[in-house]
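Structure assessment
Now for the letters of each chain:
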Amino acid sequence: MNDVRVRFAPSPTGFFHIGSARTALFNWLYAKHRGGKFILRIEDTDDERDRKEFLDVLIHGLRWLGLDWDEGPDVGGEYGPYFQSQRSDVYQKYIEILKNKGFAYEKDGALYFKVSHRPQVIHDLIRGDVAREEEKDFVIVRTNGKPVFHLVNVVDDISMRITHIIRGEDHLSNTSKHIELFNAFGEKPPLFAHIPLILKSQGSGKMSKRDTGALIEDYEKNHFIAAAVRNYLCLLGWSPKEDREILPLDEIIRLFDIGDVNKNNARFDEKKMSFFNSEYLRSLPFDDFHSRALVVLKNSPIAVDKFDARYVRDVLAICQEKLRSFVELPNFIEYFFVEKITHDREALAKLQSKFDIQTRLREFKLAFESLDTVDETSVENLVHELATKHGVNTGEYIHSVRLAVSGRTVGPSLFGLLRVLGKEVVLERLNAFASQS
Ligand code: GLU
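Everything quoted here is computed from the prediction, not taken from an experiment.

**What to know about helix 3 (residues 88–100)**
An ideal rise of 1.5 Å per residue puts 18 Å on 13 residues; helix 3 measures up with 18 Å between its terminal C-alpha atoms. Along helix 3, the positions that sit buried rather than exposed are V90, Y91, Y94, I95 and L98. The arc that holds the buried residues of helix 3, viewed along the axis, is 135 degrees, so those residues lie on one side. Counted as exposed and oriented over 90 degrees from the buried face of helix 3: D89, K93 and N100. Looking at the packing, one finds that the buried side of helix 3 touches strand 3 (104–107), strand 4 (110–113), strand 7 (138–141), helix 4 (149–159) and helix 5 (172–184). Looking one or two residues beyond helix 3, the residue adopting positive phi is G102, at roughly 80 degrees.

In structure tokens:
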């Protein structure tokens, strides 16, 4: 039997951060790539640091990222329980085996494991073979009777029939101990893959929980698109060897192989993550974009419920292409939902220094008033005609009108914006602007 079985084995002692998420993701991808099983095992053996809240955030975060597990909490499986806190009898059984085989001895109230004093070769799919020798016997059961991490981790990997251990490089120093234990139990060690660290965006340090962008829950709170976050995380240590980096999940699954993960540390790049998010946002099917946007707006100062649903839909339709993130959405569309807008004075002064805004607006208003239908084409034609007639650039009209009716210099295409605002509101705003300045 050589079906792939991999596991993600977090300890719920802190919030779910991108380092852990990437470990889970690489395990998950490898399982999918090989048609194997992905197991979630909770290593909750630290009574002082484990917290239910951390566990909940972790489970929620995995689900948010779409990393479903074949065996583990909530779903069960034939090798459970999947919480180490519920597996004491399994550990007891294995401790007896070590004692009976003469691999364990008591000293000062603790149980020690007797090392072999031979170099242990770690077959690492990323780093190649690494040989290390354990020099000192080590504790496997503490004086308080609790088995230590090394023991329970190995016992579970054996009893859950794990074939590949994919985990952070920080565990490399534990692996020779673990191999000693596998050998002592008469088990062939699984294959290992120690994945590189994630460095913070600047400097040489490892990314910590306190760095911006480190916590998975923050991405959800800031309305990131989970698929974008997942796509970005794939590239922290792996690359599809193509010039495309934004790839659909099924393609990533097809291309991903754990042996292709880079040995060198990966560097977190907040800007790139945001760029991925904006690309995903732009390519969402509109109905999906629309329903996500409504969720974001429900929790914002914009009372979309008070507006006609078709109007809201129209506003969103013209904005999708230009919006970079959902967190910016309320501010991005605010002027569509207020009576009185405020104008960006600085931008206004800048435009005024380049051309005569008031004249352009007067000319525009006059022509605009006589339009029968306000749609993209009619407004665009009108702007072109005006520009030709007065011998100026179309930009003079576009920038002036945008500023007068939206208060700012960036937003969706002006022609769509005018159509959605409607003739009446546009004229009202042009008049208000003229009398104000
Ligand atoms: N509970 C360990 C951790 O969170 C798991 C190590 C492993 O994957 O073997 O670091």
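Back to the text.
**So, the site of the ligand**
Looking at the ligand, the residues that line it are R7, A9, P10, S11, E43, F149, N153, R167 and H171. A distance of 2.7 Å separates an oxygen atom of the ligand from a polar atom in the side chain of R7. Contact with the protein chains removes 80% of the 300 Å² of surface that the ligand exposes when unbound. Grouping the amino acids of the shell around the ligand by side-chain chemistry returns three nonpolar, three polar and three charged.

**As for unusual backbone geometry**
A cis amide bond, omega -5 degrees, links G80 with the succeeding residue P81. Note on placement: P81 falls in the loop between helix 2 (52–64) and helix 3. Even without being glycine, D108 reaches a positive phi, approximately 50 degrees. Relative to the helices and strands, D108 resides in the loop between strand 3 and strand 4. The class of D108 is exposed, set by a relative accessible area of 65%.

**Observations regarding the packing of aromatic side chains**
Taken as a whole and assessed by the stated rule, the structure comprises 19 aromatic pairs. Taking the centre distance of 5.7 Å and the plane angle of 85 degrees together, the rings of Y232 and F276 count as edge-to-face. With Y232 in helix 7 (residues 226–234) and F276 in helix 9 (residues 270–282), this residue pair connects regions lying 44 residues apart in the sequence. Residue class for F276 comes out buried when judged on its relative accessible area of 1%. Centroid distance W238 to F256: 5.4 Å. Interplanar angle 50 degrees. Geometry classified as tilted. Taken together, the positions of W238 in the loop between helix 7 and helix 8 (249–255) and F256 in the loop between helix 8 and strand 11 (266–267) put the pair 18 residues apart, joining distant regions of the chain. A residue is classified by how much of its surface remains accessible, and W238, at 4% relative accessible area, is buried. Pairwise contacts between aromatic rings join Y232, F268, F275 and F276 into one cluster. Sitting over the ring of Y112, K107 keeps its end group 5.0 Å from the ring centre.

Here is what the cut-offs are and how they apply
- Residues numbered from 1 in each chain as written.
- Predicted model: local features only at pLDDT ≥ 70, side-chain atom pairs only at ≥ 80, totals over all residues.
- Heavy atoms only, no water.
- Helix = DSSP H or I, 4+ residues; strand = E, 2+ residues; numbered from the N terminus.
- Expected span 1.5 Å × (residues − 1).
- Buried < 20%, exposed > 50% of the residue type's maximum accessible area, 1.4 Å probe, protein only.
- Arc of directions from axis to C-beta.
- Contact = heavy atoms within 4.5 Å.
- Near = heavy atom within 4 Å.
- Polar contact = N/O pair within 3.5 Å; in protein donor to acceptor, adjacent residues only side chain to side chain.
- Areas by Shrake-Rupley, 256 points an atom, 1.4 Å probe, with all protein chains shown as cover.
- Nonpolar A, V, L, I, M, F, W, Y, C, P; charged D, E, K, R; others polar.
- Phe/Tyr/Trp six-rings, centres within 6.5 Å; stacked < 30°, edge-to-face > 60°.
- Lys NZ or Arg CZ within 6 Å of the ring centre and 35° of its normal.

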